[in-house]
Every structure is written in structure tokens, then in C-alpha cells.
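# Examination of the molecular architecture
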Amino acid sequence: MKIDFANLTKAYLENRKAIDRAMSNVVSSSRFIMGEEVQELEKQLQQYTGSKHAITCASGTDALILAMMALDIKPGDEIITSPFTFIASAETIAFLGAIPVFVDIDEATYNIDANQIEGKITKKTKAIMPVSLYGQVANMDTINNLAEKYDLAVIEDAAQSFGATYKGKKSCNLSTIGCTSFFPAKPLGCFGDGGALFTDNKALSDKIKSIRVHGQTQRYIHKYIGIGGRLDTLQAAILIEKLKHYDKDVKRRQIIAKKYDEYLTEYTTIPIIEEHNTSVWAQYSIRVKDRNNVQEKLKEKGIPTAVHYPRPLHLQECFEYLGYKTGDFPIAESVSDEIMSLPMNPYLTAEEINYIAEELKKTL
Ligand SMILES: *Cc1c(COP(=O)(O)O)cnc(C)c1O
């Protein structure tokens, strides 16, 4: 058997006619930049998340940059985030000259340990950036309470969690600004780069919209320093089609995760989803001791795996200047050594899941 990790081809083929039509409409109208599909998608994203304002942009990375620019994050400001995430979370903080301040993760969910955040708040702290890793939101109540107490913004890095819920409320709509990504392999992916920001604050939304287009308020009149960070009309048109089936995709991912759980619970550390959360399963990640060996053996059986992420951010060369060292965040470090993601996409069959689980058990 040959298993496809994310099966993006199938996602297209399942819905080919509608997507082709949507793309063709954009191409024949030639409205490649800020065509009507962009606004239409933003409206639908608002409805989907319950957020008052949705602003699309060129990528999840740009969403984080736009969020911090709109919040006036300046060089020297401190932003508290997780060391166990994709580089973009902390990289964008550093890109703006601000300082990523790491807090270790919770061993059960792999998200930032909200109970350790308060100890890291200083006079320079401007925001907290929890990451909703693998599709599950962090402990937002604790984080939002701290933010209120110390007058901080909260930016949810929801690149992996669009559609997830926390106490019945949608990810992206849980804090000052939520940022997501439509990178092809994310749960809701387009056919290239794409992203979006969410906020209930009209002034912030207006400012983000302006900064997204070089800080302009009218054509060639520039109020802010901005970026060229728009979402292509083509990607918006594709996302409108994919959003129609997204709840079904999420449901399938959840069913697949449950099957994995049943097969594997006795053999390895399976993911833990907190009772008040639902996950969209961007990844299904387990912990294995002899990871290289397990990956190699599975590969021989046609089962691709991946590691999200092999090295925590405080130990990356690009962050050497921050002065962290091995041992600073022991949980992030040990999880990085053992974490391994299994194939996860809405199209895995019962047979494939069984095969993956049986082959994996042989290696443990
Ligand atoms: C993918 C990802 C990003 C960046 O999104 P892009 O669209 O690839 O720029 C940021 N944060 C996290 C946690 C991600 O997984």
C-alpha cells in the first residue's frame, strides 16, 4: 500500500468541476487583485468564525506581521509565545525588531503552558501569542485574563486551527486578533499561499486593511508604513468552493483521529484533546522513542510520516542572540525529540488507517 500524507490531489479531484469553474471565472474577468471573490470570502469567513471582521492576506506569515504592525509593535517590545511551533510564530516577532519571549509548553496538549506566562510578563511585554498547535486551541481563558490584567493584546496563531472550537466558540475569534493560514497543507488550504486575520475591533480591522495595501487610505495616499500583502482573487475563489465542504472535511478528520486513537492508545502517547476543545487535526502526532528508525521502517512500507517540529525555536541558530540554552524549556525539548506525525487527511480509508496502525505497532 502507498499512503498519501495530505492527499491534496484528491481534495482537488473531489471538487474539480466547481473549482475549475471558479478559477476560470476569475481568469476571464482578469480581476486578479481584489476581485469581488476576495470580499465575498471575507464575508463568509466572518460568518464561519463569528468574528465581526475578517481580512484576507497573502499568507499566514503575513497575517502575523499585519497583526503586529496594526498593534504598533515596536523594536524592543516583548511578545510571549511558544518555543514549540513553526518558525513563523516567533520569526515574525523578531522580523519587526520585537523580542520573542518563550514559555514552555504543556505536556498534554503541546500548547503554551498558560500557567507559566505571568512570570514572564515585564514592563516591555506588549502581547501574548498562543499557537493553536495541531488544530487545538490553547488555554485562552487564562491567557485573556492575564492580557486584561496587564493590558496586553492577544494574537492567536491559528494557522493550524481554522474551524476548531474552544468552549463552543470558533478559533480565530477568541482574542484581540486571530491569524490563520491557507497554505495548501493546512486544514483549509488554497492552491498556493494565503491567510487571514480576524478581529472584533473595527479600528484594528480598518488599519489592517490599510497596512495590507502599503498603508494607503486612498490610492497613492499613504497613512502607514505597510506591505503588499493581499490575497489573490484566484485563491479567494478556490477557498470559497473549499469552504462549502469544510465542515465535512473536519468531521472526516475527527473520525480518522478517533480511529487512530482506538488502534494506538495502548501502544503510544496519543494526542489529548481537552474536553472543552474540538480539534481540526492539522496533524495527528504521537510520541515515539526511536523516531528515525520508526520513520524509516514505515517509509519502507509506503507510509510517509513527518516531524512537527524536530528542534524547538529557542535552540535555533537564528535565535542564538536571544541567549537561550538547552534545558531552558525541558518539555518542548523532550517532545521535539519524540514527536512524529502520521498521515492525516479527510480521504484516508478505514483500510489505510488499519494498515498504518498495524505497521506502526510492529515498530514500537
Ligand atoms: C503554517 C504556519 C504559519 C505560517 O503560515 P504560512 O501561510 O505558511 O505563511 C504560522 N504559524 C504556524 C503555527 C503555522 O503552522
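Residues numbered from 1 in each chain as written. Predicted model: local features only at pLDDT ≥ 70, side-chain atom pairs only at ≥ 80, totals over all residues. Heavy atoms only, no water.

For the rest of this paragraph, the subject is the environment of Met340. Looking at the element boundaries, Met340 is found in strand β14 (residues 339-342). Overall, the relative accessible area of 0% leaves Met340 in the buried class. For the pair Met340 and Asn139, spaced 201 residues apart in sequence, the C-alpha to C-alpha distance is 23 Å. Ignoring anything within four residues of it in the chain, the contact list for Met340 reads Tyr284, Ser285, Ile286, Val288, Arg291, Val294, Gln295, Leu298, Thr305, Ala306 and Leu360. (Helix = DSSP H or I, 4+ residues; strand = E, 2+ residues; numbered from the N terminus. Buried < 20%, exposed > 50% of the residue type's maximum accessible area, 1.4 Å probe, protein only. Contact = heavy atoms within 4.5 Å.)

Core analysis: the biggest nonpolar cluster contains 27 residues, and Met68, Ile155, Cys179 and Leu197 have the highest contact counts within it. Considering each element in turn, this core owes the most residues, eight residues, to helix α4 (residues 60-70). With sequence-adjacent residues up to four places away left out, Leu197 is seen in contact with His53, Ala54, Ile55, Cys57, Ala63, Leu66, Ala67, Ile177, Gly178, Cys179 and Ile208. (Core = buried A, V, L, I, M, F, W, Y, C linked by side-chain atoms within 4.5 Å.)

Applying the stated rule across the entire model yields 17 salt bridges. A salt bridge links Lys289 to Glu338; the shortest N-O distance between them is 3.0 Å. In this pair, Lys289 sits in the loop between β13 (284-287) and α10 (291-300) while Glu338 sits in helix α11 (residues 330-338), placing the two residues 49 residues apart along the sequence. Here Lys361 makes a salt bridge to Glu358, at a shortest N to O gap of 3.4 Å. Pair noted here: Lys361 and Glu358 are both in helix α12 (residues 350-363), with a separation of three residues, about one helical turn. Taking the relative accessible area as the measure of exposure, Lys361 reaches 19% and is therefore buried. What makes Glu358 partly exposed here is its relative accessible area of 33%. Residues joined in a network through salt bridges with shared partners are Glu107, Arg287, Lys289 and Glu338. (Salt bridge = Lys/Arg side-chain N within 4 Å of Asp/Glu carboxyl O.)

Packing of helix α2 (residues 16-29) against helix α8 (residues 233-244) leaves a shortest axis separation of 9 Å and a crossing angle of 155 degrees. As the angle between them shows, α2 and α8 are arranged roughly antiparallel. The element α2 and its partner α8 pack so that their crossing is right-handed. Across from Ala18, Ile19, Ala22, Met23, Val26 and Val27 in α2, the residues of α8 making contact are Thr233, Leu234, Ala237, Ile238, Glu241 and Lys242. (Axes fitted to C-alpha atoms, helices over the stretch in contact; angles between N-to-C directions. Parallel < 35°, antiparallel > 145°, perpendicular 65-115°, else oblique. Left-handed = near helix turned anticlockwise from the far one by under 90°.)

With that settled, consider the packing of aromatic side chains. Here the structure, examined in full by the defined rule, presents 17 aromatic pairs. Look at Phe84 and Tyr110: their rings are 6.3 Å apart centre to centre, the planes differ by 65 degrees, and that puts the pair in the edge-to-face class. Of this pair, Phe84 sits in the loop between β2 (78-81) and α5 (88-95) while Tyr110 sits in the loop between β3 (99-102) and β4 (125-129), and the two are 26 residues apart along the sequence. By relative accessible area, Tyr110 is classed as buried at 4%. Between the aromatic rings of Phe102 and Phe329, the centroid separation amounts to 6.4 Å while the plane-to-plane angle is 80 degrees, which identifies the pairing as edge-to-face. Within this pair, whereas Phe102 is found in strand β3, its partner Phe329 is found in the loop between α10 and α11, the two being separated by 227 residues in sequence. In this structure, Phe102 and Phe329 share a single accessibility class: buried. Between Lys170 and the ring centre of Tyr48, over which it is positioned, the NZ or CZ distance is 4.3 Å. Sitting above the plane of the Phe86 ring, Lys186 keeps its charged end 5.9 Å from the centroid. (Phe/Tyr/Trp six-rings, centres within 6.5 Å; stacked < 30°, edge-to-face > 60°. Lys NZ or Arg CZ within 6 Å of the ring centre and 35° of its normal.)

Below, the discussion takes up α2. In this model α2 runs 20 Å from its N-terminal to its C-terminal C-alpha over 14 residues, within 8% of the 20 Å that 1.5 Å per residue would give. Buried residues in α2 make contact with α1 (8-13), α3 (36-49) and α8. (Expected span 1.5 Å × (residues − 1).)

Looking at the ligand, there are 16 residues lining it, with Gly60, Thr61, Asp157, Ser181 and Lys186 nearest. Within the side chain of Thr61, an N or O atom sits 2.5 Å from an oxygen atom of the ligand. Within the contact set of the ligand, an oxygen atom lies 2.6 Å away from a side-chain nitrogen or oxygen of Ser181. Isolated, the ligand exposes 380 Å² of accessible area, and the fraction of that covered by the protein chains is 93%. Those elements giving two or more residues to the shell around the ligand turn out to be α4 and α5. (Near = heavy atom within 4 Å. Polar contact = N/O pair within 3.5 Å; in protein donor to acceptor, adjacent residues only side chain to side chain. Areas by Shrake-Rupley, 256 points an atom, 1.4 Å probe, with all protein chains shown as cover.)

The full count for this structure, using the stated rule, is two cavities of 30 Å³ or more. Each pocket or cavity is described by its volume, and for the largest cavity that value is around 110 Å³. When residues of the lining of the largest cavity are traced back to their parent elements, those giving at least two are α1 and α9 (246-264). Broken down by class, the residue content of the lining of the largest cavity amounts to eight nonpolar, two polar and four charged. The volume enclosed by the second largest cavity comes to roughly 80 Å³. Lining the second largest cavity are 13 residues, and of these Thr109, Tyr134, Gln136, Pro271 and Ile273 lie nearest its centre. In terms of residue class, the lining of the second largest cavity is made up of eight nonpolar, five polar and no charged. (1 Å grid on protein atoms, 1.4 Å probe; cavity = no way out; pocket = protein on both sides within 12 Å on 5 of 7 lines; lining within 4 Å. Points joined across faces, edges and corners; volume = space filled by probe spheres on them. Nonpolar A, V, L, I, M, F, W, Y, C, P; charged D, E, K, R; others polar.)

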